[in-house]
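Okay, here's what each chain looks like letter by letter:
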Amino acid sequence: MPSSRTGRPPVQRAARRPVVPGPTRENPLRTLHTRARKAWDRPLTAYYVILGGSALITVLGLVMVYSASQITALQMSLPGSYFFRKQLLAAGIGTVLLLVASRMPVKLHRALAYPILAGAVFLMALVQVPGIGVAVNGNQNWIALGGSFQIQPSEFGKLALVLWGADLLARKQDRRLLAQWKHMLVPLVPAAFMLLGLIMLGGDMGTAIILTAILFGLLWLAGAPTRLFVGVLSVAALIGAILIRTSPNRMARLACLGATEPQSGPVDCWQAVHGIYALASGGLFGSGLGASVEKWGQLPEAHTDFIFAITGEELGLAGTLSVLALFAALGYAGIRVAGRTEDPFVRYAAGGVTTWITAQAVINIGAVLGLLPIAGVPLPLFSYGGSALLPTMFAIGLLIAFTREDPAARMALAMRQPRFGRKRNGGSQRPRRWNTMRRRAPVARSSGER
């Protein structure tokens with residue numbers, strides 16, 4: 001051992017340990033965003049969002065219809081639960097339609113496109129026959145079914161335009177005809193204008209606006225050129241401006257935008273202003289369920305077109321934001337269904353349904369907030385009205401059926417379905433566990449078994 005200069009043996013130093021880096025701290029917001037994206041990319045996410053979101057909107061709508069319609073029913077010398085019971089009956093029938101539509105194959109939906117269109121046109125023309133059509137609030141768009149039950153055929157015209165338009169565009173895409181502007185417009189635009197004309201004969205411009213939005217949604221999904229899209233939009237805007245200009249009632253509604261007093265000059269803005277009053281008095285969490293003041297005769301149509309205002313008054317900002325979040329989730333899930341499919345009919349139909357529900361919700365809520373003119377359209381799945389609820393729930397069943405047609409979602413649903421008590425190869429019935437992705441352990445066999 002070599003010695004140092006001092007004659008002492010050198011001191012052996014311990015080897016330095018490598019520095020092990022500690023665990024890196026991940027950004028919690030980034031982690032939450034990553035988990036949310038993974039959850040959203042699962043095959044059944046859109047399925048559960050559409051099913052759960054529509055169910056929550058419908059149930060909450062039933063509660064608010066019962067709360068908002070009690071005073072109106074009592075003023076009409078009817079039981080307090082009169083409108084609620086009718087809405088509950090419509091929700092029950094709509095649930096059956098939703099389940100049937102969600103189980104129907106896509107081919108059957110396409111086969112129903114023409115019969116539904118023909119039935120809707122026949123009923124909408126029947127409305128204009130004297131003695132059959134019924135006028136409500138100045139609009140003749142109803143047919144009396146006997147007793148207190150009425151039907152509004154124009155609501156079924158929305159479903160007819162979605163199904164028939166999607167089937168038409170899908171067949172033309174299969175034949176590669178959509179590159180020609182004539183095939184893109186004819187006969188889709190003339191048929192849509194025919195439906196719009198039948199609706200406008202009754203004076204219901206709100207429903208006509210929804211049908212126009214569906215038409216533009218279908219043209220947008222079909223890849224209409226910008227010039228063609230702008231041309232059709234310009235024609236529709238010109239016709240709408242003429243219809244508004246020639247109607248004093250529609251001009252009065254347009255003049256009520258931003259009004260803060262019930263009597264704004266020569267125009268009566270009572271409904272628009274009291275809708276703002278209801279929202280303003282709700283605060284953060286509202287005055288409590290059933291404790292609305294505006295529904296005591298101050299706010300007209302409290303359980304139909306302006307039910308969102310009563311929701312804001314009784315449930316506050318938290319309640320209104322919850323409703324907005326449910327509609328936003330439903331719309332985003334519909335966009336996902338339309339964007340991830342390879343079937344052109346599914347893409348057009350899902351996009352048409354999403355445009356329908358989203359546009360109608362925006363128009364209704366915008367009118368209640370004073371941002372848009374009062375169009376007289378109900379809030380989808382939420383407002384009182386069986387004629388609006390039934391086709392909308394059938395349309396939700398369409399979206400659910402389209403999510404089930406996705407191969408990944410179909411496999412995930414098959415893995416989650418229980419199979420209890422089924423015989424296998426003639427053996428005895430025995431319960432089986434839920435199918436999972438785990439590999440089962442091999443079954444032990446006797447030495448003589450082959």
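1. Re the overall build of the chain
Turning to step 1, where the next piece is worked out: Looking only at helices and strands, one finds 16 helices and 5 strands in the chain.
Turning to step 2, where the next piece is worked out: Buried positions account for 43% of the 450 residues belonging to the chain.
Turning to step 3, where the next piece is worked out: Working note: accessible area of the chain is about 25,500 Å², and carbon and sulfur atoms make up 62% of it.

2. Digging into the pattern of salt bridges
Turning to step 1, where the next piece is worked out: This structure, assessed with the given rule, holds 4 salt bridges.
Turning to step 2, where the next piece is worked out: One network of salt bridges, with partners in common, ties together Arg110, Asp167 and Arg171.

3. Structural notes on the packing of helix H15 (residues 386-405) against helix H16 (residues 407-416)
Turning to step 1, where the next piece is worked out: In contact at an axis separation of 5 Å, H15 and H16 are set at 90° when each is read in the N-to-C sense. Between H15 and H16, the angle falls in the class roughly perpendicular. Across the interface between the two elements, Thr403, Arg404 and Glu405 from H15 touch Pro407, Ala409, Arg410 and Leu413 from H16.
Turning to step 2, where the next piece is worked out: Of the residues assigned to the contact of H15 with H16, the class counts are 3 nonpolar, 1 polar and 3 charged.

4. Some points on the environment of Gly138
Turning to step 1, where the next piece is worked out: Mapping Gly138 onto the fold places it in the loop between strand E1 (133-136) and strand E2 (139-146).
Turning to step 2, where the next piece is worked out: Residue class for Gly138 comes out exposed when judged on its relative accessible area of 67%.
Turning to step 3, where the next piece is worked out: The spacing of Gly138 and Asp204 is 66 residues in sequence and 8.9 Å in space, taken between C-alpha atoms.

5. Describing the side chain of Glu155
Turning to step 1, where the next piece is worked out: Relative to the elements of secondary structure, Glu155 occurs in helix H6 (residues 153-174).
Turning to step 2, where the next piece is worked out: At 2.8 Å, the side chain of Glu155 forms a polar contact with the side chain of Lys158.

6. Brief notes about the packing of helix H5 (residues 113-126) against helix H8 (residues 188-201)
Turning to step 1, where the next piece is worked out: Running from N to C, H5 and H8 cross one another at 30°; their axes reach a closest spacing of 9 Å. One finds that H5 runs roughly parallel with respect to H8. The crossing of H5 and H8 is left-handed. Contacts between H5 and H8 involve Leu117, Val121, Met124 and Ala125 from the first element and Met194, Leu195, Leu198 and Ile199 from the second.
Turning to step 2, where the next piece is worked out: A per-class count over the contact of H5 with H8 returns 8 nonpolar, no polar and no charged.

7. Some thoughts on unusual backbone geometry
Turning to step 1, where the next piece is worked out: Residue Pro187 is bonded to the preceding Val186 through a cis peptide linkage, with omega at 0°.
Turning to step 2, where the next piece is worked out: Within the secondary structure, Pro187 is located in the loop between helix H7 (181-185) and H8.
Turning to step 3, where the next piece is worked out: At Arg176, a residue that is not glycine, the phi angle is positive and equals roughly 60°.
Turning to step 4, where the next piece is worked out: Looking at the element boundaries, Arg176 is found in the loop between H6 and H7.
Turning to step 5, where the next piece is worked out: Under the relative-accessibility criterion, Arg176 is labelled exposed at 74%.
Turning to step 6, where the next piece is worked out: A positive phi angle, near 55°, is found at Glu301, a position not held by glycine.
Turning to step 7, where the next piece is worked out: With respect to the helices, strands and loops of the structure, Glu301 is situated in the loop between helix H12 (270-280) and helix H13 (307-339).

8. Some details on the environment of Phe306
Turning to step 1, where the next piece is worked out: Mapped onto the secondary structure, Phe306 falls in the loop between H12 and H13.
Turning to step 2, where the next piece is worked out: For Phe306, a relative accessible area of 1% gives the class buried.
Turning to step 3, where the next piece is worked out: Note: C-alpha distance between Phe306 and Ala272 (34 residues apart in sequence) is 9.1 Å.
Turning to step 4, where the next piece is worked out: Each residue touching Phe306, except ones within four places of it in the same chain, is listed here: Gln271, Ala272, Gly275, Leu299, Pro300, Glu301, Ala367, Val368 and Ile374.

9. Let's talk about the packing of aromatic side chains
Turning to step 1, where the next piece is worked out: One pass over the full model with this rule turns up 6 aromatic pairs.
Turning to step 2, where the next piece is worked out: Pairing Phe83 with Tyr384 gives two aromatic rings, centres 5.2 Å apart and planes at 85°, and the pair type is edge-to-face. Placement of the pair is Phe83 in helix H3 (residues 82-103) and Tyr384 in the loop between helix H14 (344-368) and H15, with a sequence separation of 301 residues. A single burial state applies to Phe83 and to Tyr384, both of which are buried.
Turning to step 3, where the next piece is worked out: Centre to centre, the rings of Tyr114 and Trp164 are 6.5 Å apart; their planes meet at 90°, and the pair counts as edge-to-face. Of the two residues, Tyr114 sits in helix H5 while Trp164 sits in helix H6, which places them 50 residues apart along the sequence.
Turning to step 4, where the next piece is worked out: An aromatic cluster of at least three residues, connected via ring pairs, comprises Tyr82, Phe83 and Tyr384.
Turning to step 5, where the next piece is worked out: Note that Arg347 overlies the ring of Tyr348, its terminal NZ or CZ placed 5.3 Å from the centroid.

10. Details of the state of the cysteines
Working definition of a disulfide: a covalent bond connecting the sulfur atoms of two cysteines.
Turning to step 1, where the next piece is worked out: Evaluated as defined, the whole model comprises 1 disulfide.
Turning to step 2, where the next piece is worked out: Across a sulfur-sulfur distance of 2.1 Å, Cys256 and Cys269 are joined as a disulfide pair. Here the S-S torsion is close to -90°, and the disulfide linking Cys256 with Cys269 is therefore left-handed. Taken together, the residues Cys256 in the loop between helix H11 (248-255) and strand E4 (263-264) and Cys269 in the loop between strand E5 (267-268) and H12 connect sequence positions 13 residues apart.
Turning to step 3, where the next piece is worked out: In this structure Cys256 comes out as buried when scored by relative accessible area, which is 12%.
Turning to step 4, where the next piece is worked out: Assessed through its relative accessible area of 1%, Cys269 is described here as buried.

11. Notes on the confidence of the model for the chain
Turning to step 1, where the next piece is worked out: Considering every residue of the chain, the mean pLDDT works out to 86; 86% of them sit at 70 or more.
Turning to step 2, where the next piece is worked out: Mean pLDDT per element in the chain: E4 is the minimum at 65, and H14 is the maximum at 97.
Turning to step 3, where the next piece is worked out: Under a pLDDT of 50 for its full length, residues 420-450 has, in the predicted model, 24 contacts with residues more than four places off or in other chains.

Parameters and conventions
- Residues numbered from 1 in each chain as written.
- Predicted model: local features only at pLDDT ≥ 70, side-chain atom pairs only at ≥ 80, totals over all residues.
- Heavy atoms only, no water.
- Helix = DSSP H or I, 4+ residues; strand = E, 2+ residues; numbered from the N terminus.
- Buried < 20%, exposed > 50% of the residue type's maximum accessible area, 1.4 Å probe, protein only.
- Areas by Shrake-Rupley, 256 points an atom, 1.4 Å probe, with all protein chains shown as cover.
- Salt bridge = Lys/Arg side-chain N within 4 Å of Asp/Glu carboxyl O.
- Axes fitted to C-alpha atoms, helices over the stretch in contact; angles between N-to-C directions.
- Parallel < 35°, antiparallel > 145°, perpendicular 65-115°, else oblique.
- Contact = heavy atoms within 4.5 Å.
- Nonpolar A, V, L, I, M, F, W, Y, C, P; charged D, E, K, R; others polar.
- Polar contact = N/O pair within 3.5 Å; in protein donor to acceptor, adjacent residues only side chain to side chain.
- Left-handed = near helix turned anticlockwise from the far one by under 90°.
- Phe/Tyr/Trp six-rings, centres within 6.5 Å; stacked < 30°, edge-to-face > 60°.
- Lys NZ or Arg CZ within 6 Å of the ring centre and 35° of its normal.
- Disulfide = S-S within 2.5 Å.
- pLDDT = per-residue confidence, 0-100.

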